[in-house]
Amino acid sequence: PNHVPKFTIIHTPGMLADPKHDRTKSSTFITLHMGKGLALIGGTHYAGEMKKCIFTVMNYYLPLKGVLSMHSAANIGDDGNSAIFFGLSGTGKTTLSADESRKLIGDDEHLWTDNGVSNIEGGCYAKVIRLSKEAEPTIWNTTRRFGTVIENVIMSPVHRTLDLSDASITENTRAAYPLHFVPNRQESGCGGHPKNIIFLSCDAFGVLPPISKLSPQQTEFYFLLGYTAKVAGTELGVKEPTATFSACFGLPFMPLHPTVYSKLLRKKLVEHDVNVWLLNTGWSGGAYGVGHRFSIKHTRALLAAALDGLLTTDDIHYKKHPIFNLEMPTSCPDVPADVLDPMNTWVDKDAYAKQASGLASLMHKGFNQYVEFVDDDVKICGPINE
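What comes next concerns the included structure.

Calculation notes
- Note that residues are indexed from 1 along each chain, following the sequence as it is written.
- The model is predicted, so local features are restricted to residues of pLDDT at least 70 and side-chain atom pairs to those at 80 or more, both for listing and for counting; the totals for chains, interfaces and linings are taken over all residues.
- Neither water nor hydrogens contribute to the side-chain values; these are computed over all heavy atoms in the structure.
- Any Lys or Arg side-chain nitrogen located within 4 Å of an Asp or Glu carboxyl oxygen qualifies as a salt bridge.
- Counting from the N terminus, the helices are the DSSP runs of H or I reaching at least four residues and the strands are the DSSP runs of E reaching at least two.
- We call two strands paired when DSSP finds no fewer than two bridges between them.
- Classification of ring pairs rests on two measures: the distance between centres of Phe, Tyr or Trp rings, Trp counted by its six-membered ring, which must be within 6.5 Å, and the angle between planes, read as stacked under 30 degrees, edge-to-face over 60 and tilted in between.
- In this scheme, a residue with accessible area under 20% of its type's maximum is buried, one over 50% is exposed, and one in between is partly exposed, where area comes from a 1.4 Å probe on protein chains only.
- A positively charged side chain is recorded as over a ring if its NZ (Lys) or CZ (Arg) lies within 6 Å of the ring centre. The angle to the ring normal must also be within 35 degrees.
- Here a polar contact is recorded for every N or O atom pair within 3.5 Å, except that within protein the pair must consist of a potential hydrogen donor and a potential acceptor, and residues adjacent in sequence are included only if both atoms are side-chain atoms.
- We define the nonpolar core as a collection of buried residues of types Ala, Val, Leu, Ile, Met, Phe, Trp, Tyr and Cys that are connected through side-chain atoms lying within 4.5 Å of one another.
- Any two residues having at least one pair of non-hydrogen atoms within 4.5 Å are treated as being in contact.
- A fitted line through C-alpha atoms represents every axis, and for helices the fit uses only the stretch in contact; the resulting angles, taken between N-to-C directions, go from 0 to 180 degrees.

Quick notes on the pattern of salt bridges
For the structure shown, the criterion picks out 16 salt bridges. Two residues, Glu220 and Lys263, come together in a salt bridge whose shortest N-O distance is 4.0 Å. Of the two residues, Glu220 sits in helix H5 (residues 216–225) while Lys263 sits in helix H6 (residues 258–271), which places them 43 residues apart along the sequence. Several salt bridges converge on common partners, so that one network encompasses Lys51, Lys52, Lys93, Asp108, Glu109 and Glu121.

Remarks on the pairing of strand S13 (residues 174–178)
Residues in a regular strand project their side chains so that they alternate between the two faces of the sheet. In the sheet, strand S9 (residues 123–127) pairs with S13 via 5 bridges, with the strands oriented antiparallel. In the strand pairing of S13, Ala126 is matched with Ala175. Where strand S10 (residues 149–151) and S13 come together, 3 bridges link them in antiparallel fashion. Looking across to S13, one finds that Val149 is bridged to Ala176.

Topic: the packing of aromatic side chains
Throughout the structure, instances matching the rule amount to 15 aromatic pairs. Ring geometry for Trp346 and Tyr352: centres 5.5 Å apart, planes at 75 degrees, overall edge-to-face. Both residues of the pair, Trp346 and Tyr352, belong to the buried class. Among the aromatic side chains, those forming a connected cluster through ring pairs are Phe86, Phe199, Phe223 and Phe249. Above the face of the Phe181 ring, Arg145 is positioned so that its terminal group lies 3.9 Å from the ring centre. Sitting over the face of the ring of Trp277, Lys213 holds its NZ or CZ atom 5.7 Å from the ring centroid.

Brief notes about the environment of Asn172
Mapped onto the fold, Asn172 is located in the loop between strand S12 (162–163) and S13. What makes Asn172 buried here is its relative accessible area of 11%. The spatial distance from the C-alpha of Asn172 to the C-alpha of Glu109 is 19 Å, given a sequence separation of 63 residues.

Structural notes on the side chain of Ser82
The topology assignment puts Ser82 in strand S5 (residues 82–86). Here the side chain of Ser82 touches Gly192 through a polar contact of 2.7 Å, landing on its backbone oxygen.

Quick notes on the nonpolar core
A general tendency of soluble globular proteins is for nonpolar side chains to be buried together. Residues Trp112, Ile197, Phe199, Tyr222 and Phe324 are the most contacted members of the largest nonpolar core, which totals 49 residues. When contributions to this core are tallied by element, the ones reaching two or more residues are strand S4 (68–76), S5, strand S15 (194–201), H5, H6, strand S19 (275–280) and helix H8 (349–367). At 6 residues, the largest contribution of residues to this core is made by H8. If we skip the residues at most four places from it in the chain, Phe324 touches Val207, Leu208, Tyr222, Tyr352, Ala356, Leu359, Ala360, Met363, Gly382 and Pro383. Counting 22 residues, the second-largest nonpolar core is a separate cluster that includes Phe85, Ile211, Leu302 and Ala306.

Some thoughts on the sheet that holds S9
Read from one edge of the open sheet, 3 strands run S9-S13-S10, paired in antiparallel fashion. Two strands bound the open sheet, and with one partner strand each, they are S9 and S10. For this sheet, the mean angle separating the axes of adjacent strands, direction not counted, is 15 degrees.

Overview of the pairing of strand S8 (residues 116–119)
Alignment of strand S7 (residues 109–113) against S8, held across 4 bridges, turns out to be antiparallel. Within S8, the residue paired with His110 across the bridge is Asn119.

Structural notes on the sheet that holds strand S2 (residues 29–33)
Taken in spatial order, the 3 strands of this open sheet run S1-S3-S2, and their pairing is mixed. Two strands in the sheet have a free side with no partner beyond their single neighbour: strand S1 (8–12) and S2. Strand-to-strand twist of the sheet, defined as the mean angle between neighbouring strand axes without regard to direction, takes the value 10 degrees. Across 5 bridges, the pairing between S1 and strand S3 (residues 38–42) is parallel. Paired with Thr12 across the bridge in S3 is Gly42.

This is the structure in C-alpha coordinates:
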(Lines give C-alpha, C1' and ligand atoms only; values in the text may rest on other atoms or scores of the structure.)
Protein backbone atom coordinates (compact mmCIF):
# COMPACT_ATOMS: atom_id res chain seq x y z
CA PRO A 1 0.00 0.00 0.00
CA ASN A 2 2.97 2.34 0.49
CA HIS A 3 4.52 1.59 -2.88
CA VAL A 4 5.15 4.65 -5.03
CA PRO A 5 5.58 3.80 -8.75
CA LYS A 6 8.79 5.22 -10.16
CA PHE A 7 8.25 4.47 -13.84
CA THR A 8 5.26 4.74 -16.17
CA ILE A 9 4.77 2.99 -19.53
CA ILE A 10 2.32 4.37 -22.09
CA HIS A 11 1.82 1.76 -24.81
CA THR A 12 -0.25 2.71 -27.88
CA PRO A 13 0.07 -0.18 -30.38
CA GLY A 14 -1.93 1.57 -33.10
CA MET A 15 0.05 4.81 -33.01
CA LEU A 16 2.64 4.87 -35.79
CA ALA A 17 5.68 7.09 -36.00
CA ASP A 18 6.58 8.99 -39.16
CA PRO A 19 10.26 8.06 -39.63
CA LYS A 20 10.99 11.18 -41.67
CA HIS A 21 9.29 13.58 -39.29
CA ASP A 22 10.04 11.79 -35.99
CA ARG A 23 13.57 10.68 -36.97
CA THR A 24 12.88 7.03 -36.14
CA LYS A 25 14.14 3.99 -38.04
CA SER A 26 10.62 2.70 -38.64
CA SER A 27 7.01 3.31 -37.70
CA THR A 28 7.66 1.46 -34.42
CA PHE A 29 9.14 3.40 -31.53
CA ILE A 30 10.25 2.69 -27.95
CA THR A 31 11.44 5.79 -26.12
CA LEU A 32 12.66 6.08 -22.53
CA HIS A 33 13.19 9.19 -20.41
CA MET A 34 15.08 8.18 -17.26
CA GLY A 35 14.72 11.64 -15.71
CA LYS A 36 10.92 11.71 -16.05
CA GLY A 37 10.49 8.02 -15.34
CA LEU A 38 8.46 7.63 -18.53
CA ALA A 39 8.42 5.28 -21.52
CA LEU A 40 6.41 5.65 -24.74
CA ILE A 41 5.85 2.60 -26.96
CA GLY A 42 3.96 2.64 -30.25
CA GLY A 43 3.58 0.90 -33.58
CA THR A 44 3.82 -2.61 -32.16
CA HIS A 45 1.56 -5.14 -30.44
CA TYR A 46 4.60 -7.14 -29.36
CA ALA A 47 4.32 -7.76 -25.61
CA GLY A 48 8.08 -8.18 -25.28
CA GLU A 49 8.65 -4.44 -25.69
CA MET A 50 7.10 -3.63 -22.30
CA LYS A 51 9.10 -6.18 -20.35
CA LYS A 52 12.35 -5.25 -22.06
CA CYS A 53 11.60 -1.58 -21.48
CA ILE A 54 11.54 -1.99 -17.70
CA PHE A 55 14.50 -4.38 -17.90
CA THR A 56 16.48 -1.59 -19.57
CA VAL A 57 15.54 0.76 -16.75
CA MET A 58 16.80 -1.76 -14.18
CA ASN A 59 20.02 -2.21 -16.16
CA TYR A 60 20.60 1.53 -15.77
CA TYR A 61 20.02 1.95 -12.05
CA LEU A 62 20.92 -1.32 -10.33
CA PRO A 63 24.55 -1.97 -11.41
CA LEU A 64 25.43 1.46 -10.01
CA LYS A 65 24.34 0.05 -6.64
CA GLY A 66 26.42 -3.12 -6.98
CA VAL A 67 23.52 -5.28 -8.16
CA LEU A 68 24.13 -7.18 -11.41
CA SER A 69 21.03 -7.24 -13.62
CA MET A 70 21.23 -10.09 -16.11
CA HIS A 71 19.56 -11.13 -19.35
CA SER A 72 19.50 -14.71 -18.19
CA ALA A 73 17.54 -17.71 -17.01
CA ALA A 74 18.13 -19.35 -13.64
CA ASN A 75 17.26 -22.59 -11.89
CA ILE A 76 18.18 -24.40 -8.68
CA GLY A 77 18.90 -28.04 -7.80
CA ASP A 78 17.77 -30.10 -4.85
CA ASP A 79 21.21 -29.49 -3.35
CA GLY A 80 20.43 -25.76 -3.19
CA ASN A 81 22.97 -24.82 -5.87
CA SER A 82 21.59 -22.33 -8.37
CA ALA A 83 22.74 -21.88 -11.97
CA ILE A 84 22.53 -18.90 -14.33
CA PHE A 85 22.05 -19.25 -18.09
CA PHE A 86 23.07 -16.42 -20.44
CA GLY A 87 22.05 -16.58 -24.07
CA LEU A 88 20.39 -14.68 -26.89
CA SER A 89 17.14 -15.71 -28.53
CA GLY A 90 17.36 -19.11 -30.20
CA THR A 91 20.30 -20.45 -28.16
CA GLY A 92 18.17 -22.64 -25.85
CA LYS A 93 18.10 -20.47 -22.72
CA THR A 94 14.44 -21.09 -21.93
CA THR A 95 14.51 -24.73 -23.02
CA LEU A 96 17.61 -25.76 -21.07
CA SER A 97 16.68 -23.89 -17.90
CA ALA A 98 13.28 -25.65 -17.84
CA ASP A 99 14.83 -28.85 -16.52
CA GLU A 100 12.49 -31.29 -14.80
CA SER A 101 15.27 -32.32 -12.41
CA ARG A 102 15.73 -28.73 -11.20
CA LYS A 103 13.39 -25.97 -10.06
CA LEU A 104 12.97 -22.98 -12.35
CA ILE A 105 13.68 -19.58 -10.79
CA GLY A 106 12.94 -17.71 -14.02
CA ASP A 107 13.64 -17.78 -17.75
CA ASP A 108 14.80 -14.32 -18.84
CA GLU A 109 15.60 -11.53 -16.36
CA HIS A 110 17.40 -11.83 -13.01
CA LEU A 111 19.36 -9.94 -10.39
CA TRP A 112 22.51 -11.06 -8.60
CA THR A 113 22.65 -9.28 -5.24
CA ASP A 114 24.74 -9.76 -2.10
CA ASN A 115 22.15 -12.35 -1.05
CA GLY A 116 22.07 -14.43 -4.23
CA VAL A 117 19.93 -14.66 -7.38
CA SER A 118 16.35 -13.43 -7.75
CA ASN A 119 13.82 -13.34 -10.59
CA ILE A 120 12.58 -9.94 -11.77
CA GLU A 121 9.47 -11.31 -13.48
CA GLY A 122 6.44 -13.34 -12.45
CA GLY A 123 6.27 -15.41 -15.61
CA CYS A 124 7.97 -16.69 -18.76
CA TYR A 125 8.01 -15.59 -22.39
CA ALA A 126 9.08 -18.65 -24.38
CA LYS A 127 9.66 -19.19 -28.08
CA VAL A 128 7.35 -21.99 -29.23
CA ILE A 129 8.12 -22.49 -32.92
CA ARG A 130 8.20 -26.24 -33.64
CA LEU A 131 7.82 -27.01 -29.95
CA SER A 132 7.23 -30.70 -29.26
CA LYS A 133 5.61 -32.36 -26.28
CA GLU A 134 8.29 -35.04 -26.23
CA ALA A 135 11.33 -32.74 -26.25
CA GLU A 136 10.00 -29.85 -24.16
CA PRO A 137 6.98 -31.04 -22.16
CA THR A 138 7.03 -28.25 -19.56
CA ILE A 139 6.76 -25.41 -22.08
CA TRP A 140 4.48 -27.38 -24.45
CA ASN A 141 1.95 -27.99 -21.68
CA THR A 142 1.62 -24.26 -21.00
CA THR A 143 0.40 -23.72 -24.58
CA ARG A 144 -2.61 -25.93 -23.73
CA ARG A 145 -3.62 -24.01 -20.60
CA PHE A 146 -6.12 -21.20 -20.23
CA GLY A 147 -4.31 -18.03 -19.24
CA THR A 148 -1.33 -18.45 -21.56
CA VAL A 149 -1.06 -15.60 -24.07
CA ILE A 150 -0.02 -16.83 -27.52
CA GLU A 151 1.64 -14.52 -30.05
CA ASN A 152 2.02 -15.11 -33.81
CA VAL A 153 0.88 -18.76 -33.61
CA ILE A 154 -1.61 -20.04 -36.20
CA MET A 155 -4.90 -21.41 -34.84
CA SER A 156 -7.28 -23.59 -36.84
CA PRO A 157 -10.50 -21.58 -37.40
CA VAL A 158 -12.49 -24.84 -37.39
CA HIS A 159 -10.95 -26.90 -34.60
CA ARG A 160 -9.40 -24.02 -32.60
CA THR A 161 -6.19 -26.00 -32.23
CA LEU A 162 -2.71 -24.51 -32.36
CA ASP A 163 -0.17 -25.38 -35.02
CA LEU A 164 3.19 -24.72 -33.38
CA SER A 165 5.04 -25.78 -36.53
CA ASP A 166 3.47 -23.05 -38.68
CA ALA A 167 5.90 -20.17 -39.26
CA SER A 168 3.82 -18.39 -41.91
CA ILE A 169 3.67 -15.19 -39.81
CA THR A 170 7.15 -15.44 -38.29
CA GLU A 171 9.43 -17.95 -36.62
CA ASN A 172 9.43 -15.68 -33.57
CA THR A 173 6.29 -17.22 -32.08
CA ARG A 174 5.79 -16.82 -28.34
CA ALA A 175 3.89 -18.03 -25.30
CA ALA A 176 3.60 -15.80 -22.23
CA TYR A 177 2.53 -17.61 -19.08
CA PRO A 178 2.73 -17.12 -15.30
CA LEU A 179 5.47 -18.88 -13.40
CA HIS A 180 2.96 -20.99 -11.47
CA PHE A 181 2.20 -22.81 -14.75
CA VAL A 182 5.62 -24.44 -14.36
CA PRO A 183 5.18 -27.43 -12.03
CA ASN A 184 8.83 -27.58 -11.04
CA ARG A 185 9.32 -23.96 -9.99
CA GLN A 186 11.12 -22.22 -7.16
CA GLU A 187 8.18 -20.71 -5.33
CA SER A 188 10.16 -17.83 -3.82
CA GLY A 189 11.72 -16.82 -7.15
CA CYS A 190 15.07 -16.69 -5.36
CA GLY A 191 18.18 -18.79 -5.00
CA GLY A 192 21.58 -18.58 -3.36
CA HIS A 193 24.77 -17.50 -5.09
CA PRO A 194 25.24 -19.58 -8.25
CA LYS A 195 27.60 -22.52 -8.35
CA ASN A 196 27.62 -22.54 -12.15
CA ILE A 197 27.13 -20.01 -14.94
CA ILE A 198 26.36 -21.16 -18.50
CA PHE A 199 27.07 -19.06 -21.60
CA LEU A 200 24.95 -20.38 -24.48
CA SER A 201 26.06 -19.88 -28.08
CA CYS A 202 24.42 -21.28 -31.19
CA ASP A 203 27.51 -21.63 -33.38
CA ALA A 204 26.33 -21.80 -36.98
CA PHE A 205 29.91 -22.31 -38.19
CA GLY A 206 30.12 -25.67 -36.40
CA VAL A 207 33.59 -25.03 -34.93
CA LEU A 208 33.14 -24.28 -31.23
CA PRO A 209 33.47 -27.17 -28.75
CA PRO A 210 30.18 -28.52 -27.36
CA ILE A 211 31.30 -27.42 -23.88
CA SER A 212 34.31 -25.51 -22.54
CA LYS A 213 35.35 -24.40 -19.07
CA LEU A 214 36.15 -20.69 -18.87
CA SER A 215 38.63 -18.89 -16.62
CA PRO A 216 37.56 -15.58 -15.02
CA GLN A 217 39.43 -13.69 -17.75
CA GLN A 218 37.79 -15.73 -20.51
CA THR A 219 34.42 -15.21 -18.82
CA GLU A 220 34.82 -11.46 -19.18
CA PHE A 221 36.04 -11.83 -22.77
CA TYR A 222 33.15 -14.02 -23.92
CA PHE A 223 30.61 -12.04 -21.90
CA LEU A 224 31.64 -8.86 -23.69
CA LEU A 225 31.75 -10.72 -27.00
CA GLY A 226 28.28 -12.29 -26.64
CA TYR A 227 28.76 -14.51 -29.69
CA THR A 228 25.98 -16.56 -31.23
CA ALA A 229 24.22 -16.81 -34.59
CA LYS A 230 21.06 -15.01 -35.63
CA VAL A 231 18.62 -17.83 -36.17
CA ALA A 232 16.19 -17.41 -39.07
CA GLY A 233 12.99 -15.70 -37.97
CA THR A 234 14.26 -14.37 -34.64
CA GLU A 235 15.07 -11.02 -36.20
CA LEU A 236 13.33 -9.30 -39.09
CA GLY A 237 14.84 -10.10 -42.47
CA VAL A 238 17.16 -12.87 -41.29
CA LYS A 239 16.68 -15.97 -43.45
CA GLU A 240 20.07 -17.65 -42.93
CA PRO A 241 22.04 -17.90 -39.67
CA THR A 242 24.89 -15.38 -39.51
CA ALA A 243 27.46 -14.59 -36.83
CA THR A 244 26.46 -11.85 -34.43
CA PHE A 245 27.91 -10.31 -31.31
CA SER A 246 25.88 -8.74 -28.52
CA ALA A 247 27.75 -7.73 -25.38
CA CYS A 248 26.37 -9.14 -22.12
CA PHE A 249 24.14 -11.36 -24.27
CA GLY A 250 21.70 -8.46 -24.51
CA LEU A 251 23.40 -5.21 -25.62
CA PRO A 252 20.19 -3.38 -26.72
CA PHE A 253 18.98 -3.49 -23.10
CA MET A 254 22.25 -2.31 -21.52
CA PRO A 255 22.33 1.51 -21.32
CA LEU A 256 25.65 1.63 -19.39
CA HIS A 257 29.00 0.74 -20.94
CA PRO A 258 29.22 -3.08 -21.30
CA THR A 259 32.35 -3.26 -19.15
CA VAL A 260 30.33 -2.01 -16.16
CA TYR A 261 28.43 -5.30 -16.29
CA SER A 262 31.40 -7.51 -17.25
CA LYS A 263 33.61 -6.27 -14.43
CA LEU A 264 30.79 -6.67 -11.90
CA LEU A 265 30.15 -10.21 -13.17
CA ARG A 266 33.84 -11.14 -12.85
CA LYS A 267 34.01 -9.66 -9.34
CA LYS A 268 31.04 -11.72 -8.19
CA LEU A 269 32.09 -15.01 -9.76
CA VAL A 270 35.59 -14.78 -8.24
CA GLU A 271 34.15 -13.82 -4.86
CA HIS A 272 31.78 -16.82 -4.84
CA ASP A 273 34.05 -19.33 -6.65
CA VAL A 274 31.67 -19.94 -9.57
CA ASN A 275 32.33 -22.34 -12.45
CA VAL A 276 31.65 -20.83 -15.87
CA TRP A 277 30.91 -22.90 -18.98
CA LEU A 278 30.56 -22.05 -22.67
CA LEU A 279 27.91 -24.41 -24.08
CA ASN A 280 27.52 -24.62 -27.85
CA THR A 281 23.96 -25.51 -28.89
CA GLY A 282 24.71 -24.99 -32.59
CA TRP A 283 26.16 -27.17 -35.33
CA SER A 284 28.51 -30.13 -35.39
CA GLY A 285 30.29 -31.92 -38.23
CA GLY A 286 30.18 -28.87 -40.47
CA ALA A 287 28.66 -25.42 -40.78
CA TYR A 288 24.95 -24.74 -41.18
CA GLY A 289 23.78 -26.42 -44.39
CA VAL A 290 26.50 -29.08 -44.22
CA GLY A 291 26.67 -30.33 -40.65
CA HIS A 292 23.84 -31.03 -38.23
CA ARG A 293 22.49 -29.45 -35.07
CA PHE A 294 24.26 -30.84 -32.02
CA SER A 295 22.13 -33.49 -30.31
CA ILE A 296 19.83 -32.00 -27.65
CA LYS A 297 20.26 -35.27 -25.76
CA HIS A 298 24.02 -34.80 -25.62
CA THR A 299 23.66 -31.09 -24.82
CA ARG A 300 21.47 -31.95 -21.83
CA ALA A 301 23.98 -34.60 -20.73
CA LEU A 302 26.85 -32.09 -20.90
CA LEU A 303 24.82 -29.54 -18.98
CA ALA A 304 23.78 -32.05 -16.33
CA ALA A 305 27.39 -33.14 -15.87
CA ALA A 306 28.50 -29.53 -15.42
CA LEU A 307 25.73 -28.69 -12.95
CA ASP A 308 26.24 -31.90 -10.98
CA GLY A 309 29.96 -31.25 -10.59
CA LEU A 310 30.98 -34.24 -12.72
CA LEU A 311 33.19 -32.11 -15.00
CA THR A 312 35.26 -30.70 -12.14
CA THR A 313 36.33 -34.00 -10.57
CA ASP A 314 39.98 -35.14 -10.61
CA ASP A 315 39.32 -37.92 -13.12
CA ILE A 316 38.11 -35.52 -15.84
CA HIS A 317 40.94 -34.22 -18.03
CA TYR A 318 40.97 -31.20 -20.30
CA LYS A 319 42.84 -30.19 -23.42
CA LYS A 320 43.22 -26.73 -24.93
CA HIS A 321 41.65 -25.93 -28.27
CA PRO A 322 44.50 -24.87 -30.60
CA ILE A 323 42.61 -21.91 -32.07
CA PHE A 324 40.06 -20.75 -29.48
CA ASN A 325 42.25 -21.37 -26.39
CA LEU A 326 39.25 -23.03 -24.75
CA GLU A 327 39.58 -25.86 -22.23
CA MET A 328 37.65 -28.89 -23.57
CA PRO A 329 36.89 -31.98 -21.44
CA THR A 330 38.15 -35.19 -23.02
CA SER A 331 35.28 -37.24 -21.57
CA CYS A 332 31.81 -36.78 -20.15
CA PRO A 333 29.20 -39.26 -18.90
CA ASP A 334 26.61 -40.24 -21.53
CA VAL A 335 28.36 -38.31 -24.32
CA PRO A 336 30.61 -39.92 -27.00
CA ALA A 337 34.18 -38.74 -26.41
CA ASP A 338 34.84 -38.08 -30.10
CA VAL A 339 32.25 -35.26 -30.33
CA LEU A 340 33.83 -33.24 -27.49
CA ASP A 341 36.54 -31.98 -29.85
CA PRO A 342 34.70 -30.37 -32.79
CA MET A 343 37.52 -31.10 -35.24
CA ASN A 344 36.85 -34.82 -34.82
CA THR A 345 33.35 -34.41 -36.25
CA TRP A 346 34.58 -32.84 -39.51
CA VAL A 347 35.63 -35.08 -42.40
CA ASP A 348 37.85 -32.35 -43.87
CA LYS A 349 40.22 -31.24 -41.08
CA ASP A 350 41.76 -28.48 -43.18
CA ALA A 351 38.31 -27.06 -43.85
CA TYR A 352 37.64 -27.10 -40.12
CA ALA A 353 40.85 -25.23 -39.34
CA LYS A 354 40.04 -22.61 -41.98
CA GLN A 355 36.49 -22.17 -40.68
CA ALA A 356 37.66 -21.94 -37.07
CA SER A 357 40.33 -19.39 -37.93
CA GLY A 358 37.71 -17.35 -39.77
CA LEU A 359 35.45 -17.26 -36.72
CA ALA A 360 38.43 -16.42 -34.48
CA SER A 361 39.16 -13.44 -36.71
CA LEU A 362 35.51 -12.32 -36.50
CA MET A 363 35.63 -12.62 -32.72
CA HIS A 364 38.67 -10.35 -32.50
CA LYS A 365 37.03 -7.78 -34.75
CA GLY A 366 33.94 -7.91 -32.54
CA PHE A 367 36.01 -7.50 -29.38
CA ASN A 368 38.24 -4.66 -30.62
CA GLN A 369 35.83 -2.00 -29.38
CA TYR A 370 36.39 -3.13 -25.77
CA VAL A 371 40.18 -3.62 -25.81
CA GLU A 372 41.02 -0.25 -24.28
CA PHE A 373 38.56 -0.76 -21.42
CA VAL A 374 39.66 -4.19 -20.12
CA ASP A 375 42.68 -5.53 -18.20
CA ASP A 376 45.61 -7.07 -20.03
CA ASP A 377 44.74 -10.60 -18.89
CA VAL A 378 41.40 -10.29 -20.70
CA LYS A 379 42.99 -8.99 -23.90
CA ILE A 380 45.22 -12.05 -24.32
CA CYS A 381 42.79 -14.84 -23.36
CA GLY A 382 40.72 -14.91 -26.53
CA PRO A 383 41.25 -16.97 -29.71
CA ILE A 384 44.58 -16.98 -31.53
CA ASN A 385 44.51 -14.15 -34.04
CA GLU A 386 46.68 -14.99 -37.03
